Amino acid sequence: MFDTLWIDANLATMAPGRAPYGAIPRGAVAAKDGKIAWIGFAADLPKPADELAHEVRRCDNAWITPGLIECHTHLVFGGNRAREFEMRLEGATYEQIAHAGGGIVSTVAATRAASKQDLIESALRRLAGLTRAGVTTVEIKSGYGLDLETEIKMLEAAGALAQPGAVRIKRTFLGLHALPPEFKEDRAAYVQLVADVMIPAIAASGLADAVDAFCENIGFTTEEVDYVFSAARANGLAVKLHAEQLSNQHGASLAARYRALSADHLEYLDDAGVAAMAAAGTVAVLLPGAFYFLREKRLPPVEKLRAAGVRMAVAGDCNPGTSPMTSPLMALNMACTLFRLTPEEALAGATREAAQALGMGDELGTLELGKAADLAIWNVESPAELSYWLGAPLLRERVFAGRVV
Ligand code: DI6
Ligand code: FE
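Residues numbered from 1 in each chain as written. Chains lettered and ligands numbered in written order. Predicted model: local features only at pLDDT ≥ 70, side-chain atom pairs only at ≥ 80, totals over all residues. Heavy atoms only, no water.

### Side note on the sheet that holds strand 8 (residues 210-215)
Overall, parallel pairing links the 8 strands, which are arranged 5-6-7-8-9-10-11-12 in an open sheet. At either end of the open sheet lies a strand with only one pairing partner, and these are strand 5 (68-70) and strand 12 (312-314). Taken pair by pair, the neighbouring strands of this sheet meet at an average axis angle of 25°, ignoring direction. In this fold helix 5 (residues 148-160) packs onto strand 6 (135-141) and strand 7 (168-176), with an angle of close to 165° to the strand it touches most, strand 7. (Pairing = 2+ DSSP bridges. Helix = DSSP H or I, 4+ residues; strand = E, 2+ residues; numbered from the N terminus. Axes fitted to C-alpha atoms, helices over the stretch in contact; angles between N-to-C directions. Contact = heavy atoms within 4.5 Å.)

Written as structure tokens, this is what we have:
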């Protein structure tokens, strides 16, 4: 007996190599012990539905997709930066604000001052925006502590969201996010602290699965990132990189050299970077919310990434400075409207390719036998509607590890 069986549904399995969206019209999917135990055409079910499962859920021809995966967020932070938003509208640039001591560093001050409980509570409110829209897995980066104590506080807060949110949380240590004010005169000492002290401590405590960095003209150089990535590798952590968002530092090529799970943003990515990512199998994570919010003009080279066969994920980048967005469906629409992804590519970007960007492609991201029974069930007539409506409340039911939540 299955635990639960969903029928009267259309399935967008997102499994590669089938029809568009890996679609199974008039399909059925069953969960047992949190995993997908049966999937196919309803007509091929071996017995009447009621004899097959403890609970049968009829879906009125709704579409079922894999639960959405937000593979790049900074969901845990103190305060907000609405004042800087106003300053930018008055003409200041993101870089100018950062140089004037605002930007990331101002969120660092607010995050250091917040208690872990404060961080959990504010992040839970943002997380609710994601889960209400079908998200079942969220990656959360640290990086607003920039000292070991606060980085650990952030990562613990991120971990504490899993149970109340009924989501999978993947945590990433982002020590090289900005230079903390107390190291203003000694960059090298901070980079060394991240590589030699923070990464071993965080790896040993199991608080993160990956290491990220902000490789940018206003962030860290490829040499600094290289040093920190080698510490990540020595401590058994995966790597990913904020690369080529505001300028071309050739960060994506460095990431590819380390077989990074992903390189993210990529507006300024050049041909060599595309080729390096293709060869390494590094996923391109596109973040149209930050592009939109910064009114960026330069587009990521989507056609070249597509032609080179680089997998493209889509995420919201929820953060207080460049993408205060908690709507994954809005990100899908922006990926199509701004970056010219197809609606099918956008949905794959928030499911199959996002799983890949987290190193979880074997467990999540498509509706296939043996994968997690994380489902999003939608009141739509076609899966393209998920990219078409602008952040509309389309979710009918969210299923996490086989449980309706
Ligand atoms: N890239 C971004 O877009 C965010 N972080 C990063 O590395 C911005 C973070 C912030 O401004 O608070
Ligand atoms: Fe980011």
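### Thoughts on the coordination of the iron ion (ligand 2)
For a metal with four donors in a tetrahedral arrangement, the ideal angle between donors is 109.5 degrees, while six donors in an octahedron ideally sit at 90 or 180 degrees. Protein-derived coordination of the iron ion (ligand 2) comes from His-72 (NE2), His-74 (NE2), His-242 (NE2) and Asp-317 (OD), at a distance range of 2.1 to 2.4 Å. Going along the chain, you hit the donors of the iron ion (ligand 2) in the pattern H-x1-H-x167-H-x74-D. Here Asp-317 lies in the loop between strand 12 and helix 13 (328-337) and His-74 lies in the loop between strand 5 and helix 1 (82-89), a separation of 243 residues in the sequence. Of the two residues, His-74 and Asp-317, both sit in the buried class. (Donors = N, O, S within 2.8 Å, 3.2 Å for Na, K, Ca; no water. Buried < 20%, exposed > 50% of the residue type's maximum accessible area, 1.4 Å probe, protein only.)

### Focus on the packing of helix 4 (residues 116-131) against helix 5
Running from N to C, helix 4 and helix 5 cross one another at 45°; their axes reach a closest spacing of 9 Å. Between helix 4 and helix 5, the crossing angle belongs to the class labelled oblique. Helix-helix and strand crossings are classified by hand; for helix 4 and helix 5 the assignment is right-handed. In this structure, helix 4 uses Lys-116, Leu-119 and Ile-120 to contact helix 5, whose residues at the interface are Lys-153, Met-154, Glu-156, Ala-157 and Ala-160. Class assignment for the residues of the contact of helix 4 with helix 5 results in 5 nonpolar, no polar and 3 charged. (Parallel < 35°, antiparallel > 145°, perpendicular 65-115°, else oblique. Left-handed = near helix turned anticlockwise from the far one by under 90°. Nonpolar A, V, L, I, M, F, W, Y, C, P; charged D, E, K, R; others polar.)

### Overview of the site of ligand 1
Taken together, 14 residues are adjacent to ligand 1, and Arg-81, Tyr-94, Tyr-144, His-177 and Thr-322 come closest. At a separation of 2.6 Å, an oxygen atom of ligand 1 approaches a polar side-chain atom of Tyr-144. A distance of 2.7 Å is found between an oxygen atom of ligand 1 and a side-chain nitrogen or oxygen belonging to Thr-322. In the complex, the protein chains occlude 100% of the 310 Å² of accessible area that ligand 1 would expose alone. (Near = heavy atom within 4 Å. Polar contact = N/O pair within 3.5 Å; in protein donor to acceptor, adjacent residues only side chain to side chain. Areas by Shrake-Rupley, 256 points an atom, 1.4 Å probe, with all protein chains shown as cover.)

### Some thoughts on the domain arrangement of the protein
The domain architecture assigned to the protein consists of domain 1 (2-66 + 366-404) and domain 2 (68-357). Domain 1 puts 28 residues into the contact, and the matching count from domain 2 is 25 residues. Area buried by domain 1 at its contact with domain 2 is led by Met-14, Ser-387 and Arg-398, which between them contribute 31% of it. The tally of links between domain 1 and domain 2 comes to 1 salt bridge. Across the pair Arg-168 and Asp-374 runs a salt bridge whose closest N-O atoms are separated by 2.8 Å. Broken down by element, the residue count for the side of domain 1 that touches domain 2 peaks at 4 residues, all from strand 14 (residues 395-400). When grouped by side-chain class, the residues that make up the side of domain 1 that touches domain 2 number 22 nonpolar, 4 polar and 2 charged. (Domains from an automatic or database assignment. Buried area = accessible area lost by both parts, 1.4 Å probe. Salt bridge = Lys/Arg side-chain N within 4 Å of Asp/Glu carboxyl O.)

### Observations concerning helix 3 (residues 104-113)
By the burial criterion, the buried members of helix 3 are Ile-104, Thr-107, Val-108 and Thr-111. End-on, the buried residues of helix 3 take up no more than an arc of 110°, which puts them together on one face. Where helix 3 is buried, its residues touch helix 2 (94-99), helix 4, helix 5 and strand 8. (Arc of directions from axis to C-beta.)

### Let's talk about the nonpolar core
Counting residues in hydrophobic clusters, the biggest one holds 96 residues, and the most contacted among them are Val-76, Leu-161, Leu-176, Tyr-190 and Val-225. Top contributing element to this core by residue count: helix 7 (residues 187-205), with 7 residues. Grouped together as the second largest cluster of nonpolar side chains are 15 residues, Leu-11, Ile-24, Leu-375 and Ile-377 included. (Core = buried A, V, L, I, M, F, W, Y, C linked by side-chain atoms within 4.5 Å.)

### Some points on the packing of helix 7 against helix 8 (residues 222-234)
Taken N-terminus to C-terminus, the directions of helix 7 and helix 8 make an angle of 10°; their axes are 9 Å apart at the nearest point. Here helix 7 is positioned roughly parallel relative to helix 8, judged by the angle of their axes. Between helix 7, through Arg-187, Val-191, Gln-192, Val-194, Ala-195, Asp-196 and Ile-199, and helix 8, the contact on the second element is made entirely by Glu-224, Tyr-227, Val-228, Ala-231 and Ala-232. Residues belonging to the contact of helix 7 with helix 8 are distributed by class as follows: 8 nonpolar, 1 polar and 3 charged.

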